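Descriptive analysis of the structure
Residues per chain, in single letters:
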Amino acid sequence: MLALIVLIGGMIVWTSSSRAPAISSPPADALPATATGVASTPAGAPASYVGATVCKSCHESEFKAWSGSHHQLAMQQATAATVLGDFTDVKFSYAGVESTFFKRGDQFMVRTDGPDGKLVDYPISYTFGLYPLQQYLIAFPGGRYQVLPIAWDARPQGEGGQRWFHLYPGQQIDHRDALHWTGIYQNWALQCAECHSTNLRKGYDAASNRYQTTFSEINVACESCHGPASAHVDWAGKARPPYAAHDGKGLPSLNSRWREAWRFPAAGAKFAVRDQPADPAAMNTCAACHSRRSTLSEERKAGAPLEDSHRLAMLTAPNYHADGQQREEVYVWGSFLQSKMHQNGVTCMDCHEPHSQKLRAEGNALCSRCHAADTFDTPAHHRHQAGGKGAQCVSCHMPTQDYMVIHARPDHSLRIPRPDLSSALGSPNACTQCHTDRQPAWAASALDSWYGKAWRQRPHYGAVLHAGQTQGVRALPSLLELASSPATPAIVRATALTLAQPYANAGTLPAARALLHDADPSVRIAALAMIAPADPLNRVLSASPLLTDPVRGVRIEAAQILADVPDSQLPEGRRAARDAALQEYVASLDQDADWPSANINLGNLRLRQGRTDEAAAAYQRAIKLDPQFVGGYVNLADAWRQQGRDTEAEKVLRQGLAVLPRSADLHHALGLLLTRQQQGAAALEEFVEAARLAPDNARYAYVEAIAVNSAGKPADALALLRKANQRHPNDLEILSALISISRETGDRQAALRYARKAAELLPDDQNVKQLVAELAGR
């Protein structure tokens, strides 16, 4: 869970229909009684939610396993039985604020800084989570529930627990910061509600800026994974043994066959193999919450592909290291998709019992169910003392990282340690994560002595992904090759396409078109983004067939890149499909209208459609939601620019700079506007400041140098460009400027030198070849 997690509270009203109970601001004194009956589902009607107690009547063992689990206790009303923290007038200091945890009668309370920085007494409405930490939710106006940034460490005292701690240690976040606990980004409904209650509907109303959030059950109950069960209950009420196949039971099959599916094919075999591929529905169910993703629709069907309801984050910085290892909090799924385990058919439920969330076996016994113990659970393999920490499979293949300060989470990419890549890519490795006093070279040398040096020659996609993030257009051929490799995990291929997108051109169209037919929806989505820079005709030819893709995320991506194409240029049979997919996209943005970024995306869509006033309104709403959101000011100013309203655009940018004086993006945007107004000297000041504030931004360095050259200082411009070229040797804009200004100043040899560098980056570009020949005098 993120440190941004917030939970719900409020009055829950049980209605006579199957609709979810409503949540309002005042905390309730008690939860509603469990429903005792379930109405029959009419034929053809969508199934409804019935509640876990109804499931218990037939599935008592599963209910018992779930009871007391992290899912069952995900959220609870704050009572003496559920609160773990010490509320005996305990004080905690952070950023100059002294918070006090105490009780007023039976009510748990905290005195801490409110939205204006002044101390306020707040009642605790709900607990969130259980172990290794517990968080606390507080009711605010507008249907909001905010999470305290001070959490309770539930670990034993001997492990450093039984204390209050802050989730942002050392950051000194006060009430003026966007990340303050009373602010927009610590709102439960905004951030994490979807995955901590059953059948949650956010219920945000943009016009009133209020929430009317609903759910069927307060915790993660049976139907969170299995889907609404009324049709299943109907079936169960009529069925008699022997039971028919599962298809008639009204629920998707989530059975993993974990016990019987895996067998060693022969005596002496090192690995077990699966007898038949597992139904992906079960893992898709896990992925919807155990992943770093954004939401496309709350209408999630149990077992549907993740991309039908969500947009998965790719393996890019800052979420992942260059080789795909976890860096920020990514919630397992993106890591697991990279693994050989996933490639070979292992499912979440092969290792985890889904109702209790406990492992199927403890320690190495879990791994040796499929990896022969006499081969792998021996010192000859792990090279550590038997029974010690280093002998545990997970120590080397699933190293942990702490999130939320104290929560150690294993990396589920289940990889072989590669200390050689640590040296080349800057990524971590399990060896030196444990042996913290050693360097990667030491670990690599140890592996050489144990296994020879052949292990270093194993290709790893991390090298290509790292090049894609550091080498610019030079990495394009290897990125496209990786994306087209059928043996490579789909998430890696989609990431390669994502990294290639800034360099998409007419020459990359054939590769992108081929991948539009890929079996994996994440690859199709990334391939569509490669089509986006193309001319309307090529976009229509490539993307319009995917407007009817079975996966919502693919349809939405296709509609986005065709949003500005006139109806007259679309085949008549595809116009309705585009309209329908655009409606799905707008619905997803409306659903997330409490996010500033969703308003920016809506504004960008409307701008592409030529609906400038609607775009401006969306950007203004983003600024209203978060006055520190830079993108709101930059995009709004650009919308006014497109209408020739530079005076209003300048006013917006200066308004933003009054709030964010150190924003390089705002200084750069203001410089561009002043340039259009022919205020060269004032524009140059803004460009210099932007480049100073963002020294790693190649574009800002380039524009600063161009402005300096335009001010009649070519020598200074060349000095800036040479410095920028050292930092960004593969940036074509910088090389282009070096060529041009060097020629203008009569330095033909320097221009030739930079032109040859450009030719290395674009070996098939005829214009660059001609330029090199011209400068070389050929």
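As a reminder, the structure under discussion sits directly above these lines.
Cut-off values and rules
- Residues numbered from 1 in each chain as written.
- Predicted model: local features only at pLDDT ≥ 70, side-chain atom pairs only at ≥ 80, totals over all residues.
- Heavy atoms only, no water.
- Disulfide = S-S within 2.5 Å.
- Helix = DSSP H or I, 4+ residues; strand = E, 2+ residues; numbered from the N terminus.
- Buried < 20%, exposed > 50% of the residue type's maximum accessible area, 1.4 Å probe, protein only.
- Salt bridge = Lys/Arg side-chain N within 4 Å of Asp/Glu carboxyl O.
- Pairing = 2+ DSSP bridges.
- Axes fitted to C-alpha atoms, helices over the stretch in contact; angles between N-to-C directions.
- Contact = heavy atoms within 4.5 Å.
- Phe/Tyr/Trp six-rings, centres within 6.5 Å; stacked < 30°, edge-to-face > 60°.
- Lys NZ or Arg CZ within 6 Å of the ring centre and 35° of its normal.
- Parallel < 35°, antiparallel > 145°, perpendicular 65-115°, else oblique.
- Left-handed = near helix turned anticlockwise from the far one by under 90°.
- Nonpolar A, V, L, I, M, F, W, Y, C, P; charged D, E, K, R; others polar.
- Core = buried A, V, L, I, M, F, W, Y, C linked by side-chain atoms within 4.5 Å.
- Expected span 1.5 Å × (residues − 1).
- Polar contact = N/O pair within 3.5 Å; in protein donor to acceptor, adjacent residues only side chain to side chain.

1. Quick notes on the state of the cysteines
Enumeration over the complete set of coordinates arrives at 1 disulfide. Here Cys 195 connects covalently by a disulfide to Cys 289, the sulfurs 2.2 Å from one another. The S-S bond linking Cys 195 to Cys 289 shows a torsion near -95 degrees; that makes this disulfide left-handed. You can see Cys 195 sitting in the loop between helix H3 (188-191) and strand S11 (204-205) and its partner Cys 289 sitting in the loop between helix H6 (281-287) and strand S15 (293-295), a full 94 residues away along the chain. The class for Cys 195 is buried, based on a relative accessible area of 18%. Between Cys 370, a free cysteine, and Cys 351, which holds the nearest cysteine sulfur, the sulfur-to-sulfur gap is 7.4 Å. You can see Cys 393 has no disulfide; the closest cysteine sulfur is in Cys 367, sitting 3.9 Å from it.

2. Section: the pattern of salt bridges
Per the counting criterion, the structure on display carries 36 salt bridges. For Arg 257, the salt bridge is made with Glu 260, and the minimal N-O distance between the two is 3.5 Å. Overall, the relative accessible area of 21% leaves Arg 257 in the partly exposed class. Classification of Glu 260 by relative accessible area gives partly exposed; the value is 37%. Between Arg 654 and Glu 650 there is a salt bridge, with its nearest N and O atoms 3.0 Å apart.

3. Some remarks on the sheet that holds strand S2 (residues 90-94)
If you trace the 4 strands from one edge of the open sheet to the other, you get S2-S3-S4-S5, paired in antiparallel fashion. Strand pairing shows two members of the sheet lacking a second neighbour, S2 and strand S5 (119-123), which therefore form its edges. Direction aside, the axes of adjacent strands within the sheet are offset by 20 degrees on average. Pairing between strand S3 (residues 97-104) and strand S4 (residues 107-113): 5 bridges, direction antiparallel. From the neighbouring strand, Lys 103 faces S4, where its bridge partner is Phe 108.

4. What to know about the side chain of Glu 686
Structurally, the position occupied by Glu 686 is in helix H30 (residues 680-693). Leave out the neighbours within four places in its chain, and Glu 686 touches His 667, Leu 670, Gly 671 and Leu 674.

5. Side note on the packing of aromatic side chains
Applying the stated rule across the entire model yields 16 aromatic pairs. Taking 5.5 Å as the distance between ring centres and 85 degrees as the angle between the ring planes, the aromatic pair formed by Phe 87 and Trp 164 counts as edge-to-face. Here Phe 87 is found in the loop between strand S1 (75-77) and S2, whereas its partner Trp 164 is found in strand S10 (residues 163-166), with 77 residues between them in sequence. Its relative accessible area of 7% is what places Trp 164 among the buried residues. Among the aromatic residues, those joined into a ring-pair cluster are Phe 87, Phe 101, Phe 108, Tyr 136, Trp 152 and Trp 164. Above the plane of the ring of Phe 108 lies Lys 103, whose end atom (NZ or CZ) is 4.6 Å from the centre. Over the aromatic face of Tyr 754 sits the side chain of Arg 753, whose NZ or CZ is 5.2 Å from the ring centroid.

6. Topic: the packing of helix H31 (residues 698-710) against helix H33 (residues 732-744)
For any two helices packed against each other, the geometry comes down to the angle between their axes and how far apart the axes lie. The contact between H31 and H33 brings their axes to 9 Å, and the two run at 20 degrees. In this view, H31 runs roughly parallel relative to H33, as classed from their interaxial angle. Note that H31 runs across H33; the crossing there is left-handed. Within the contact between the two elements, H31 uses Ala 698, Arg 699, Tyr 702, Ile 706 and Asn 709 and H33 uses Glu 733, Ile 734, Ala 737, Ile 741 and Glu 744. Here the residues of the contact of H31 with H33 are counted per class, giving 6 nonpolar, 1 polar and 3 charged.

7. Focus on the pairing of strand S18 (residues 407-410)
Regular strands place side chains that alternate from one sheet face to the opposite one. Pairing of strand S17 (residues 400-403) with S18 involves 4 bridges; the strand directions are antiparallel. Residue pairing across strands places Thr 400 opposite Pro 410, the latter belonging to S18.

8. Describing the nonpolar core
Core analysis: the largest hydrophobic core is formed by 74 residues, its most contacted members being Trp 333, Leu 497, Leu 528 and Leu 562. When residues of this core are assigned to their parent elements, the largest contribution, 8 residues, is made by helix H19 (residues 490-500). With residues up to four places along the chain from it excluded, the contact list for Trp 333 reads Met 283, Ala 287, His 290, Ser 291, Leu 306, Leu 312, His 342 and Cys 348.

9. A look at unusual backbone geometry
Residue Pro 132 is reached from Tyr 131 by a cis peptide bond, and omega for that bond is 5 degrees. By secondary structure assignment, the location of Pro 132 is in the loop between strand S6 (126-128) and strand S7 (133-140). Geometrically, the link from Ala 317 to Pro 318 is a cis peptide bond, its omega value of 0 degrees lying close to zero. Inspection of the secondary structure assignment puts Pro 318 in the loop between strand S16 (310-312) and helix H7 (333-336).

10. Remarks on the environment of Gly 161
Mapped onto the fold, Gly 161 is located in the loop between strand S9 (150-153) and S10. Given a relative accessible area of 6%, Gly 161 falls into the buried group. Dropping the residues within four chain positions of it, Gly 161 is found in contact with Asp 153, Arg 155 and Pro 156.

11. Examining helix H26 (residues 612-625)
In this model, H26 (14 residues) spans 20 Å end to end at C-alpha, consistent with the 20 Å of a helix rising 1.5 Å per residue. When we look at burial in H26, the residues that qualify are Thr 612, Ala 615, Ala 616, Ala 618, Tyr 619, Arg 621, Ala 622, Ile 623 and Leu 625. Structurally, H26 contributes buried residues whose contacts are with S11, helix H25 (596-608), helix H27 (630-642) and helix H28 (646-659).

12. Looking at the environment of Thr 400
Relative to the assigned elements, Thr 400 resides in strand S17. Expressed as a C-alpha distance, the spacing of Thr 400 and Ala 616, which sit 216 residues apart in the sequence, is 45 Å. Contact partners of Thr 400, with chain neighbours within four places excluded, come to Gln 326, Ala 408, Arg 409, Pro 410 and Gln 433.

13. Let's talk about H30
Between the first and last C-alpha of H30 there are 20 Å, a value that for 14 residues agrees with the 20 Å anticipated at 1.5 Å per step. For H30, the set of buried residues is Ala 683, Leu 684, Glu 686, Phe 687, Ala 690, Ala 691 and Leu 693. Close packing links the buried residues of H30 with helix H29 (664-676) and H31.

14. Side note on the side chain of Thr 432
Residue placement: Thr 432 occurs in helix H15 (residues 430-434). Assessed through its relative accessible area of 15%, Thr 432 is described here as buried. A polar side-chain atom of Thr 432 sits 2.9 Å from a polar atom in the side chain of Asn 429. Those residues in contact with Thr 432 that lie beyond four places of it in its chain are Arg 438, Gln 439, Pro 440 and Ala 443.

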